[in-house]
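# Examination of the molecular architecture
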Amino acid sequence: MNSQLAANLVAAALAVRVFGSDLLALLRRAAAAGVRLGLSELHRNRRGEGAR
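Here's a quick rundown of the structure. Along each chain, numbering runs from 1 in the same order as the chain's sequence is written. With pLDDT at 70 or above as the cut-off, local features in this predicted model cover only qualifying residues; side-chain atom pairs require 80 or more to be listed or tallied, and sums for whole chains, interfaces and linings still use all residues. Water and hydrogen atoms were dropped before computing side-chain values, which therefore reflect all heavy atoms in the structure.

### A look at the overall build of the protein chain
Short version of the rule: Going along the chain from the N terminus, every DSSP run of H or I of four or more residues is numbered as a helix, and every run of E of two or more is numbered as a strand. To sort residues, take the accessible area from a 1.4 Å probe on protein chains only and compare it with the maximum for the residue type: under 20% means buried, over 50% means exposed, and anything in between is partly exposed. Surface accessibility in these figures is a Shrake-Rupley result with a 1.4 Å probe; residues are shielded only by whichever protein chains are displayed.
For the protein chain, the count of helices and strands is one helix and zero strands. In the protein chain, which comprises 52 residues, the proportion classed as buried is 2%. By element, 63% of the accessible surface of the protein chain is carried by carbon and sulfur atoms, the whole surface being about 4,800 Å².

What follows is the structure, given as structure tokens:
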């Protein structure tokens, strides 16, 4: 392991430590948006609006 790789690993670990909770919150929001989108699409198809 060279020093550049070690520095990159330390920087990545530090970034995960600092931004980890924010990243989890963003992932939760993205998942919730995906679920809402899927449910709206499901309801649209049931009413026949999205049928081709």
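### Focus on a nonpolar patch on the surface
Basically, it comes down to this: Like charges within 9 Å and nonpolar side chains (Val, Leu, Ile, Met, Phe, Trp, Tyr) within 5 Å are joined into patches, using only residues over 30% in relative accessible area that form no salt bridge. Any carboxyl oxygen of Asp or Glu within 4 Å of a side-chain nitrogen of Lys or Arg constitutes a salt bridge here.
A cluster of nonpolar residues, Met 1, Leu 5 and Leu 9, forms a patch on the protein surface that exposes about 340 Å² of accessible area. Topologically, Leu 9 is positioned in helix α1 (residues 3-47).

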